[in-house]
Amino acid sequence: MGNFDNLSIQFKATFASALLLACLLGLGAHAYLTSYRSAEGLNVLSSELVPKQEDFSDVGTAVVATHMKIFRYVSWASNGLAPSVLKRLEDEIVLELNALSAHIEALTRRPDLSEQERGALQVLVAKWRNCRAQALDTLDVGRTDAPMATMMIGQTDDSFEAVDADLRNMTQTMADNATALQRQLSAQAQRNRLVVVWVVLLGLLISIGVAMMISRSIVRPIRQITNVMQRLSAGQTQVELDHGTRHDEIGKMADAIEIFRTHIIENAALFKMVRQGAHDASL
């Protein structure tokens, strides 16, 4: 502590300010990095994982809906429904099959796919092409030979179920990835809260320590010097000031006060001698 007392007041004030500023900058840097990482995670979640999952889920829903319409078409054909009604349903199914083909092809061009997802999609595309071809064959046969179409529908069902199973698996994997990322962000937020609490407590302790150090090194000595100066001004010369060994501004003030006190004592002694001499001369 003696070495610290010998430092200049300006240096002490600068040191205290720099220390507190470092704490604030550390807390601010941590907050910035935390918010940046959280923003990145939320961006991945909101702009990649969730839209991708919804896109695959929509394709899966459309596949199931088209599959049900093909089953309905074969059922209506077996029951001898009017050809015009069958034709409208067939046209609707063909449009949906073409739309599904375009949608699945669009999935393969997504830039946010992982290598594993791209590989799974290539298998899915091959299965879908086979499924679509079987569906179109079933529709063609159903126009003229409903019993044969009924026999073919079993194979078509298997193809659709294989495609639907792949889509469900991929969608579930994406949902699991999104859930894992959400848990990671939640855990990270919890850790960040703890870090902020500890940093704030550390900053508080450092602030208290700096305040106590500054008080001991500057505030209390200045109060003592002020008290000594007031007593000297009142004519009290029997005062003690033990800061003269310091080499900072307070030490210089203590030295100056000690010189001032010495001059007062010497002047008082001189004045006393003059008065005594004058008194002796008058006798």
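### Some remarks on the nonpolar core
Formed by 30 residues in total, the largest nonpolar core has its most connected members in Phe56, Val63, Trp128 and Phe160. Secondary structure elements with two or more residues in this core: helix H2 (9-78), helix H3 (83-108), helix H4 (115-144) and helix H5 (146-233). Per-element tally for this core: the top contributor is H5, with 8 residues. Setting aside anything within four residues of it in sequence, one finds valine 63 in contact with Leu100, Trp128, Phe160, Val163 and Leu167.

### Observations regarding H3
The end-to-end C-alpha distance of H3, which contains 26 residues, comes to 37 Å, matching closely the 38 Å that a straight helix rising 1.5 Å per residue would cover. Considered for burial, the residues of H3 that qualify are Leu86, Leu89, Glu90, Ile93, Leu97, Leu100, Ser101, Ile104, Leu107 and Thr108.

### Side note on the packing of aromatic side chains
Scanning the entire structure with this criterion turns up 1 aromatic pair. Taken together, a centroid distance of 6.1 Å and an interplanar angle of 80 degrees make the contact between tryptophan 128 and phenylalanine 160 edge-to-face. Placement of tryptophan 128 in helix H4 and of phenylalanine 160 in helix H5 is noted, with a sequence separation of 32 residues between them. Summarising the burial analysis for this pair, tryptophan 128 and phenylalanine 160 share the class buried.

### Describing the environment of lysine 87
Checked against the element boundaries, lysine 87 lands in helix H3. Sequence spacing of lysine 87 and tyrosine 73 is 14 residues, and the spatial spacing of their C-alpha atoms is 9.4 Å.

### A short note on the pattern of salt bridges
Evaluated as defined, the whole model comprises 11 salt bridges. Linking aspartate 55 and arginine 110 is a salt bridge whose minimum nitrogen-to-oxygen distance equals 3.0 Å. In this pair, aspartate 55 is assigned in helix H2 and arginine 110 in the loop between H3 and H4, connecting sequence segments 55 residues apart. One exposure class covers both aspartate 55 and arginine 110, and it is buried. For lysine 69, the salt bridge goes to glutamate 92, with nearest N and O atoms at 2.3 Å. Of the two residues, lysine 69 is situated in helix H2 and glutamate 92 in helix H3; the sequence distance between them amounts to 23 residues. Using a relative accessible area of 36% as the deciding quantity, one classes glutamate 92 as partly exposed. One salt-bridge network, in which partners are shared between bridges, spans Asp55, Arg110 and Asp112.

Criteria and cut-off values
Residues numbered from 1 in each chain as written. Predicted model: local features only at pLDDT ≥ 70, side-chain atom pairs only at ≥ 80, totals over all residues. Heavy atoms only, no water. Core = buried A, V, L, I, M, F, W, Y, C linked by side-chain atoms within 4.5 Å. Buried < 20%, exposed > 50% of the residue type's maximum accessible area, 1.4 Å probe, protein only. Helix = DSSP H or I, 4+ residues; strand = E, 2+ residues; numbered from the N terminus. Contact = heavy atoms within 4.5 Å. Expected span 1.5 Å × (residues − 1). Phe/Tyr/Trp six-rings, centres within 6.5 Å; stacked < 30°, edge-to-face > 60°. Salt bridge = Lys/Arg side-chain N within 4 Å of Asp/Glu carboxyl O.

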